[in-house]
Amino acid sequence: MELYQLKTFVAIAREGSLTRAAERVFTSAPAVSAQLKALEDELGVKLFERTPRGMSPTEAGVSLLEEAERTLASAMRMRSAAEQLRGAAQGVVRFGTVVDPVALRLGEVLVKLAERHPQVTLQLKQGLSYETLAGVQRGELDCAYVLSDSPQIEGLEVVRLGAVDLVVTVPQAVADAQPELSLAQITDMPWVGTPPSCILRVHLEKLFAGAGREYRPGRTADGESAIRSMVASGMGAGLLRSDYAEQGERNGELVIWKGWRSHTWLCWVAPAEGRARPVAVEAVRSAVMEAWA
């Protein structure tokens, strides 16, 4: 029995699909299928049933899944302990970042890592905060920058690095025609929203609740650059980080409405310390904390 077979077993259970599991473990669907068959042959039990919806764990599969996860966690702890004994931080750290990031001081982090831990490489992946947060929780990312209101998230270390202001933006033409917009008029406008799990959507719904109204989704964008572009083109109002909105205002693309402001937090997240994080992740944490000191 090999650890990669257990990783494949866990990936199939989590994804419910050979194709998605293959993407998760960076191999092909036929290879995943072959690894699963080899593991089932060795264990002498069937781990999954094929259904119209994908791969469903059998009773034996459910029973053995927890054991497989414990075994993989033990292997990670042993690897981490060996790294600690060597005193060397090395390897690739999968680092998630928010799209169109507000000054993440990532350049400072990279410089500090290069100076002190030249054998640590950052593999950056950009995405919306809820996507990168889920990636850390699933073990697909080692750490991440996210925008979040939550000071604590189960199973993760959450470090607030700084507050991030959020503002309402409207098309330039709308502001020119109605320079004194009220909250009622703002919430009557078409809006460019974001997916339900996005932190901007959470604050947009709070804005509407403050006006005694319910936000009804319409046009949706998957990131702040798209929101800014759609607001600038006159498609509706939108929420943006204040620094990003101010840049758009200076360029004459949009106008910031002065009647509302909120804030969230830029955070660094990683699996909780009790989960034997690799030395390389600890090196990244140290560089991030120093950059934000």
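Structure's up top.
Fair warning: this is a prediction, and the values are worked out from it, not measured in the lab.

Q: Could you give me a rundown of the packing of helix H5 (residues 106-116) against helix H12 (residues 279-291), with the residues and numbers involved?
A: Their axes nearest at 9 Å, the elements H5 and H12 cross at an angle of 130°. By the angle class used here, H5 and H12 are oblique. Both H5 and H12 take part in a crossing whose hand is right-handed. In this structure, H5 uses Glu-108, Val-109, Lys-112, Leu-113 and Arg-116 to contact H12, whose residues at the interface are Ala-283, Val-284, Ala-287, Val-288, Glu-290 and Ala-291.

Q: Summarise the packing of helix H10 (residues 224-232) against helix H11 (residues 242-250); cite the residues concerned and give the values.
A: A pair of packed helices can be characterised by two numbers: the angle between their axes and the separation between those axes. Interhelical geometry of H10 versus H11 gives an angle of 35° and a closest axis separation of 11 Å. Where H10 crosses over H11, the two elements pack in a sense that is right-handed. Judged by residue contacts, Glu-224, Ser-225 and Arg-228 of H10 engage Tyr-244, Gln-247 and Gly-248 from H11. Classifying every residue of the contact of H10 with H11 by side-chain character gives one nonpolar, three polar and two charged.

Q: Before we move on, can you summarise the side chain of Thr-187 with the specific residues and values?
A: In this structure, Thr-187 sits in helix H8 (residues 183-188). From its side chain, Thr-187 meets the backbone oxygen of Ala-184 in a polar contact 3.1 Å long. Not counting the four nearest positions on each side in its chain, Thr-187 is found in contact with Phe-208, Ala-211 and Arg-213.

Q: Tell me what's going on with unusual backbone geometry, and back it up with residues and numbers.
A: Phi is positive for Arg-105, which is not a glycine, with a value near 55°. Inspection of the secondary structure puts Arg-105 in the loop between strand S3 (91-98) and H5.

Q: Explain the pairing of strand S2 (residues 54-57) to me, using residue names and the numbers behind them.
A: Successive side chains on a regular strand alternate, one facing one side of the sheet and the next facing the other. As judged from the four bridges shared by strand S1 (residues 48-51) and S2, these two strands associate in the antiparallel manner. If you follow Thr-51 over to S2, its bridge partner there is Gly-54. Count of turn residues in the S1/S2 antiparallel hairpin: two residues.

Q: Describe the pattern of salt bridges, naming the residues involved and giving the relevant values.
A: For side chains of opposite charge, pairing can occur when their charged atoms come near one another. The full count for this structure, using the stated rule, is 18 salt bridges. Connected through salt bridges with shared partners, the residues Glu-66, Glu-67 and Arg-70 form a single ionic network.

Q: So what's going on with a nonpolar patch on the surface? Residues and values would help.
A: Together, Met-1, Leu-43, Val-45 and Leu-64 line one region of the surface with nonpolar side chains, adding up to about 290 Å² of accessible area. Among the structural elements, Val-45 can be located in the loop between helix H3 (29-43) and S1. On the basis of relative accessible area, Val-45 is assigned to the partly exposed category, the value being 30%.

Q: Describe the state of the cysteines, and please don't skip the residues or the numbers.
A: By the definition in use, this model includes zero disulfides. Here Cys-198 is not cross-linked by a disulfide; its sulfur's nearest cysteine counterpart is in Cys-267, at 14 Å. You can call Cys-198 buried: its relative accessible area is 6%. Between Cys-267, a cysteine without a disulfide, and Cys-143, which holds the nearest cysteine sulfur, the sulfur-to-sulfur distance is 14 Å.

Q: I'd like to hear about the packing of aromatic side chains, residue by residue, with values.
A: All told, the structure shown has four aromatic pairs when counted by the stated rule. Here Phe-9 and Phe-48 contribute two aromatic rings whose centre-to-centre distance is 5.8 Å and whose plane-to-plane angle is 75°, an arrangement assigned as edge-to-face. Taken together, the positions of Phe-9 in helix H1 (residues 3-15) and Phe-48 in strand S1 put the pair 39 residues apart, joining distant regions of the chain. A residue is classified by how much of its surface remains accessible, and Phe-9, at 2% relative accessible area, is buried. Ring plane angle 45° and centroid distance 5.1 Å describe the contact between Phe-95 and Tyr-145, whose orientation is recorded as tilted. Here Tyr-145 lies in strand S5 (residues 143-148) and Phe-95 lies in strand S3, a separation of 50 residues in the sequence. Of the two residues, Phe-95 and Tyr-145, neither departs from the other in class, the shared state being buried. Between Arg-105 and the ring centre of Trp-292, over which it is positioned, the NZ or CZ distance is 4.0 Å. Positioned over the ring face of Tyr-244 is Arg-228, at 4.6 Å from the centre of the ring.

Q: Explain the sheet that holds strand S4 (residues 120-127) to me, using residue names and the numbers behind them.
A: Spatial ordering of the open sheet is given by S4-S3-S5-S10-S6-S9, a layout of six strands whose pairing is mixed. In this open sheet, the two edge strands, each paired with only one partner strand, are S4 and strand S9 (238-241). Strand-to-strand twist across the sheet, computed as the mean angle between neighbouring axes with direction ignored, equals 30°. For strand S6 (residues 156-171) and strand S10 (residues 254-271), the ladder comprises 15 bridges, and the chain directions are antiparallel. Residue Pro-171 lies in a different strand from S10, and its bridge partner there is Leu-254. Helix-sheet contacts for helix H9 (residues 199-210) involve S5, S6, S9 and S10, and the interaxial angle to S10 is about 140°. On top of the sheet, H11 reaches S6, S9 and S10; it is set at about 140° to S10, its chief contact.

Reading guide: rules and limits
Per-chain numbering applies: the sequence of each chain, read as written, is numbered from 1 onward. The predicted origin of the model limits local features to residues at a pLDDT of at least 70 and limits the giving and counting of side-chain atom pairs to 80 or more, whereas totals for whole chains, interfaces and linings rest on all residues. Note that water and hydrogens are dropped before the side-chain values are worked out from all heavy atoms of the structure. Every axis in this analysis is a line fitted to C-alpha atoms, fitted for helices over the stretch in contact. Angles between the N-to-C directions lie between 0 and 180 degrees. Helical segments are the DSSP runs of H or I of at least four residues, strand segments are the runs of E of at least two, and each set is numbered from the N terminus. Here roughly perpendicular refers to angles of 65 to 115 degrees, roughly parallel to angles under 35, roughly antiparallel to angles over 145, and oblique to all remaining angles. Handedness of a crossing is defined here by the sense of rotation of the near helix relative to the far one, left-handed for an anticlockwise turn of less than a right angle and right-handed for a clockwise turn. Throughout, a residue-residue contact means that at least one pair of heavy atoms, one from each residue, lies within 4.5 Å. Each residue is assigned to one class: nonpolar for Ala, Val, Leu, Ile, Met, Phe, Trp, Tyr, Cys and Pro, charged for Asp, Glu, Lys and Arg, and polar for all the others, Gly among them. N or O atoms closer than or at 3.5 Å make up a polar contact, with two conditions inside protein: a donor-capable atom paired with an acceptor-capable one, and, for residues adjacent in sequence, both atoms drawn from side chains. Paired strands are those between which DSSP finds at least two bridges. Criterion for a salt bridge: a side-chain nitrogen of Lys or Arg within 4 Å of a carboxyl oxygen of Asp or Glu. Only residues whose relative accessible area exceeds 30% and that take part in no salt bridge are eligible for patches, with like-charged residues grouped when within 9 Å of each other and nonpolar side chains (Val, Leu, Ile, Met, Phe, Trp, Tyr) grouped when within 5 Å. The method behind every accessible area is Shrake-Rupley, applied with a 1.4 Å probe, and residues are considered shielded solely by the protein chains displayed. Relative accessibility under 20% of the residue-type maximum defines a buried residue, over 50% an exposed one, and the middle range a partly exposed one, all with a 1.4 Å probe and only protein chains included. Here, the term disulfide refers to a pair of cysteine sulfur atoms separated by no more than 2.5 Å. Paired rings are identified among Phe, Tyr and Trp, the last through its six-membered ring, by centres lying within 6.5 Å, and are further divided according to the angle between planes into stacked (under 30 degrees), edge-to-face (over 60) and tilted (the rest). The rule for a charge over a ring is simple: NZ of Lys or CZ of Arg within 6 Å of the ring centre, and within 35 degrees of the ring normal.

Honestly, it's all geometry; don't read function into it.
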